[in-house]
Structures are given as structure tokens and as C-alpha cells.
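Here are the chains, one letter per residue:
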Amino acid sequence: MTNINSKIIIVKSSITDNTIKVGSGFQWTGKGSEPQWNNPKSTKAYDHIYRHHGAKKKPDSLKGRAASKNDDQGQWLNDEDWVKAEQSAPKHPGRYILDFQRPVGRVYHPDGTLTENVTRVVIRRNPDGTLKCGYPVVDSYLID
Amino acid sequence: MNKLQKFRIYYEEDNFVSYADPPEDPLKELSAFEMGLRNFCFECDRRFFIEVGDRTIQLFFDPDLCMILEDGLPEQIFNLSQGKEIEISIDESDQVIIKLVPVGQEIICTLRYFGLRCEEKKLELDKNQVLAELKRFLYQVMEMAVSQGYMKPADKDEFLTPVLGNDVKTGMVVRS
């Protein structure tokens with residue numbers, strides 16, 4: 001049985017600015033209104049994640065994109081998990097690998113193969129705290 | 001022997017079918033300009049390439065160019081022209097950070113790859129050549145977005161203000 005309450009571990013951090021704290025729970029310093037952090041459909045908070053890596057994307061589109069870009073394409077199993085990723089990631093701008101310690105995604109590879117039940121994701125947090133990108137990755141994915 | 005490498009950005013002319021879903025803004029958070037930019041990059045999606053010396057980075061208008069523009073490319077170009085270092089971060093179609101550090105009339109470019117390969121490459125570039133190429137590409141894609149009806153000329157000009165002001169003075173760009 002999957003433990004949805006398993007603790008999220010920060011596997012790797014690459015902080016670009018440790019002088020500011022941003023994201024949910026901290027003062028909004030970006031343009032316009034504060035985004036709805038707890039809503040996975042918030043384009044302002046979660047940018048291109050839903051369109052390119054969301055749970056509802058069809059396998060053929062991800063397979064096709066992996067092949068055409070010659071690059072792994074991760075897909076989330078549950079859209080709510082990128083909200084959890086934002087909540088758990090360090091509150092500084094930067095790039096992070098998080099391990100949910102439970103399956104949160106799958107990764108389509110350029111050669112047509114698929115890795116199921118990946119537990120890790122990479123996210124990039126903008127200077128205003130929003131997530132520029134976020135997708136599941138295999139364990140061998142590194143950020144430095 | 002000239003140690004300076006060439007920096008080039010260009011796109012393919014042909015569109016192709018994108019695998020992504022069309023841009024949406026269900027919570028109505030984005031401005032007309034921001035949605036216009038996303039729709040432009042999605043509907044006019046094509047490959048574009050950043051060539052640095054012997055390295056070629058293959059990217060796509062959707063989402064890579066969209067993300068680079070949203071990261072504030074005009075401000076970054078202005079900062080580079082003022083002698084400040086900048087980073088162009090690619091996270092989707094490739095995983096690489098292009099770091100440009102001006103040193104006099106040259107730029108030390110570091111390509112730092114991450115993801116499934118961690119590797120770093122340093123190259124020396126001509127500062128004026130890099131700036132001219134970045135501006136040329138930026139103006140070209142923004143003009144395309146306006147001419148195809150994805151944004152108003154005034155919104156484009158406002159977006160380009162950080163880099164446009166100086167170029168209008170020097171005659172490089174004619175305001176629309």
C-alpha cells in the first residue's frame with residue numbers, strides 16, 4: 001500500500017539566492033496578485049508543469065515528445081503532488097531534487113522505454129517563489 | 001589564432017505539431033500579453049538552436065523560448081551589456097545553464113549541463129557579437145509574435161524596454 005503521508009526528502013539543493021525566502025507561507029514579492037499556491041491549476045504558481053507533465057497527459061504525447069526531443073519526459077501521477085513539492089522544497093530560489101519516498105511519477109525515455117514508479121522529482125523555484133518547472137526524474141538525475 | 005568562439009541563435013522556418021496541450025489560464029492569473037506569448041510559442045512552435053562554439057543546444061519555442069522570455073531576457077541582455085554576468089537556464093528540452101560573464105570586450109561562457117549528464121565546458125566569446133546576436137533573435141521572434149497577431153505592438157515595446165531604449169538611440173531598431 002502506498003504511504004501518501006511519507007516524508008519528502010530533499011536529496012539535492014542548488015540554491016541560487018539564500019538571502020531571500022519565497023514561496024507559500026512567505027511574503028509575496030512577485031508581480032500582481034499572489035498565486036493560489038494550493039491549487040495545482042495555478043498557472044502563475046506552477047507555470048508549464050500541468051501542460052507538459054500533468055497526470056492527464058496521454059502516453060503517446062509524452063512518448064512522442066521524448067523521441068522528438070531526444071530527452072526523458074517525466075509525468076506526474078497526481079497533480080496535487082507538485083503542490084506538495086512546492087511546500088516541501090527549500091524556500092529559496094534554486095533547483096532541487098526531492099524524493100517523495102513513494103511513487104509519484106513515470107519517465108518516458110527517448111528509446112521508447114518507460115520507467116514506472118519513480119519517487120524523485122526535480123523542481124526549479126523562481127526568485128518570486130513560483131515553480132518554473134517540475135517533473136519526475138530517474139534516480140540517476142543530478143543537478144550538479 | 002583567434003580563440004573567440006561564435007555564438008549563434010536561429011530557428012527553423014517550419015512549424016510542426018506540438019505534443020503539448022494548448023496553454024490555459026483557468027484561474028485567470030495571466031495578462032493578455034503573457035497569454036499571447038504562450039499562445040505564440042505554442043501555435044508557432046518550432047525548433048530553435050543555440051550554437052556556442054562547437055556545441056549546439058536544440059530547443060523549442062514551446063516551452064523553452066517561452067520560459068527564457070518569461071525569465072526576463074530583455075533585462076538579462078541589458079545587464080550583460082552593462083558588464084554583469086547572466087544565466088540562461090534551460091530545464092525542459094535540455095538541461096543546461098548558459099552562464100555569460102563579461103570580461104572586458106570578451107565573454108567567458110560556461111555551459112553547465114545537469115540531469116543525466118553532468119559536464120561543464122568553458123568558451124570565450126566576443127561580447128559585442130553575443131549582444132548583437134541575442135538582440136537580433138529577441139527582436140525577430142517578438143516581431144513575429146506581433147505580426148501574427150499574438151500581442152499588440154505597444155505591449156511588445158514595453159516588454160523590450162530594457163534593451164530597446166538604447167537601441168532606438170543608436171538606430172538599431174525602429175519602434176513599431
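Residues numbered from 1 in each chain as written. Chains lettered and ligands numbered in written order. Predicted model: local features only at pLDDT ≥ 70, side-chain atom pairs only at ≥ 80, totals over all residues. Heavy atoms only, no water.

## What about the overall build of chain A?
Link 1 in the chain: A tally of regular secondary structure across chain A gives 4 helices and 7 strands.
Link 2 in the chain: A compact globule built from 144 residues would reach a C-alpha radius of gyration of about 15 Å, and chain A, at 15 Å, matches this within 12%.
Link 3 in the chain: Its C-alpha atoms give chain A principal-axis dimensions of about 45 × 30 × 30 Å.
Link 4 in the chain: In chain A, buried positions account for 56% of the 144 residues.
Link 5 in the chain: Pairs at least 24 residues apart make up 62% of the contacts formed inside chain A by residues separated by at least 6 positions.
Link 6 in the chain: As displayed, chain A offers around 6,500 Å² of accessible surface, 49% of which is attributable to carbon and sulfur atoms.
Link 7 in the chain: If you average the places of the 22 positive and of the 16 negative side-chain charges in chain A, the two averages end up 4 Å apart. (Helix = DSSP H or I, 4+ residues; strand = E, 2+ residues; numbered from the N terminus. Rg over C-alpha atoms; globule rule 2.2 N^0.38 Å. Buried < 20%, exposed > 50% of the residue type's maximum accessible area, 1.4 Å probe, protein only. Contact = heavy atoms within 4.5 Å. Areas by Shrake-Rupley, 256 points an atom, 1.4 Å probe, with all protein chains shown as cover. Lys, Arg positive; Asp, Glu negative; His and termini not counted. Charge placed at Lys NZ, Arg CZ, Asp CG, Glu CD.)

## Section: the packing of helix H1 (residues 32-43) of chain B against helix H4 (residues 127-147) of chain B
Residues and elements named next belong to chain B.
Link 1 in the chain: Running from amino to carboxyl end, H1 crosses H4 at an angle of 100°, the nearest separation of the two axes being 10 Å. Relative to H4, the element H1 lies roughly perpendicular. Contacts from Phe 33, Leu 37 and Phe 40 in H1 reach Val 141, Met 142, Met 144 and Ala 145 in H4. (Axes fitted to C-alpha atoms, helices over the stretch in contact; angles between N-to-C directions. Parallel < 35°, antiparallel > 145°, perpendicular 65-115°, else oblique.)

## Some thoughts on empty space enclosed by the protein
Link 1 in the chain: Scanning all chains against the criterion turns up 4 cavities of 30 Å³ or more.
Link 2 in the chain: In this structure, the largest cavity encloses a volume near 130 Å³.
Link 3 in the chain: Lining the largest cavity are Pro40(A), Lys41(A), Ser42(A), Thr43(A), Tyr46(A), Asp47(A), Ile49(A), Tyr50(A), Arg51(A), Glu24(B), Pro26(B) and Arg38(B).
Link 4 in the chain: Counting residues per element, the lining of the largest cavity draws most heavily on helix H2 (residues 49-53) of chain A, at 3 residues.
Link 5 in the chain: Grouping the amino acids of the lining of the largest cavity by side-chain chemistry returns 5 nonpolar, 2 polar and 5 charged.
Link 6 in the chain: Empty space within the second largest cavity amounts to approximately 80 Å³.
Link 7 in the chain: Looking at the second largest cavity, the residues that line it are Asp71(A), Asp72(A), Gln73(A), Gly74(A), Val107(A), Tyr135(A), Pro136(A), Val137(A), Val138(A), Tyr141(A), Gln95(B) and Leu116(B).
Link 8 in the chain: Of all the secondary-structure elements, those providing two or more residues to the lining of the second largest cavity are strand E2 (73-76) and strand E7 (131-137) of chain A.
Link 9 in the chain: Among the elements that make up the lining of the second largest cavity, the one with the highest residue count is E7(A) (3 residues). (1 Å grid on protein atoms, 1.4 Å probe; cavity = no way out; pocket = protein on both sides within 12 Å on 5 of 7 lines; lining within 4 Å. Points joined across faces, edges and corners; volume = space filled by probe spheres on them. Nonpolar A, V, L, I, M, F, W, Y, C, P; charged D, E, K, R; others polar.)

## A closer look at the sheet that holds strand E6 (residues 106-113) of chain B
The strands making up a sheet associate through hydrogen bonds between their backbones, and the pairing can be parallel or antiparallel.
Residues and elements named next belong to chain B.
Link 1 in the chain: If you trace the 4 strands from one edge of the open sheet to the other, you get E4-E5-E6-E7, paired in antiparallel fashion. The sheet terminates laterally at strand E4 (86-90) and strand E7 (119-126), the two strands that pair on one side only. Ignoring which end each strand starts from, the neighbouring axes of this sheet average 15° apart.
Link 2 in the chain: In this structure, strand E5 (residues 96-103) lies alongside E6, joined through 8 bridges in antiparallel fashion. (Pairing = 2+ DSSP bridges.)

## Overview of the interface of chain A and chain B
Link 1 in the chain: On the chain B side, the residues contacting the 35 residues of chain A number 33 residues.
Link 2 in the chain: Surface buried jointly by chain A and chain B totals about 2,900 Å² across both partners, of which 48% is contributed by carbon and sulfur atoms.
Link 3 in the chain: The interface formed by chain A and chain B includes 8 salt bridges.
Link 4 in the chain: For Arg124(A), the salt bridge is made with Asp91(B), and the minimal N-O distance between the two is 2.7 Å.
Link 5 in the chain: Between the two partners, chain A and chain B, sit 20 residue pairs in polar contact (both at pLDDT 80 or more).
Link 6 in the chain: Looking at which element gives the most residues to the side of chain A that touches chain B, the answer is helix H3 (residues 59-69) of chain A, with 6 residues.
Link 7 in the chain: Its residues assigned to classes, the side of chain A that touches chain B shows 8 nonpolar, 13 polar and 14 charged. (Buried area = accessible area lost by both parts, 1.4 Å probe. Salt bridge = Lys/Arg side-chain N within 4 Å of Asp/Glu carboxyl O. Polar contact = N/O pair within 3.5 Å; in protein donor to acceptor, adjacent residues only side chain to side chain.)

## Looking at the nonpolar core
Link 1 in the chain: With 50 residues, the main nonpolar core has Phe48(B), Leu100(B) and Met142(B) as its most contacted residues.
Link 2 in the chain: Here this core takes 11 residues from H4(B), the largest share from any one element.
Link 3 in the chain: When near neighbours in sequence (up to four residues on either side) are disregarded, Met142(B) contacts Phe33(B), Leu37(B), Leu69(B), Met151(B), Lys156(B), Phe159(B) and Leu160(B).
Link 4 in the chain: Val83(A), Ala89(A), Tyr96(A) and Leu131(A) belong to the second largest nonpolar core, which has 18 residues in total. (Core = buried A, V, L, I, M, F, W, Y, C linked by side-chain atoms within 4.5 Å.)

## Focus on the environment of Lys156(B)
Link 1 in the chain: Relative to the helices and strands, Lys156(B) resides in helix H5 (residues 153-170).
Link 2 in the chain: Looking at Lys156(B), its side chain comes within polar contact range of the side chain of Glu143(B), at 2.5 Å.

## A few points about the sheet that holds strand E6 (residues 120-125) of chain A
All names here are of chain A.
Link 1 in the chain: Strand order in the open sheet formed by 4 strands is E1-E3-E6-E7, and the pairing between neighbours is antiparallel. The open sheet has two edge strands with one neighbour each: strand E1 (9-15) and E7. Along the sheet, successive strands turn relative to each other by an average axial angle of 15°, direction set aside.
Link 2 in the chain: Direction of pairing for E6 relative to E7: antiparallel, over a ladder of 6 bridges. Bridging from a neighbouring strand, Arg 125 pairs with Leu 131 of E7.

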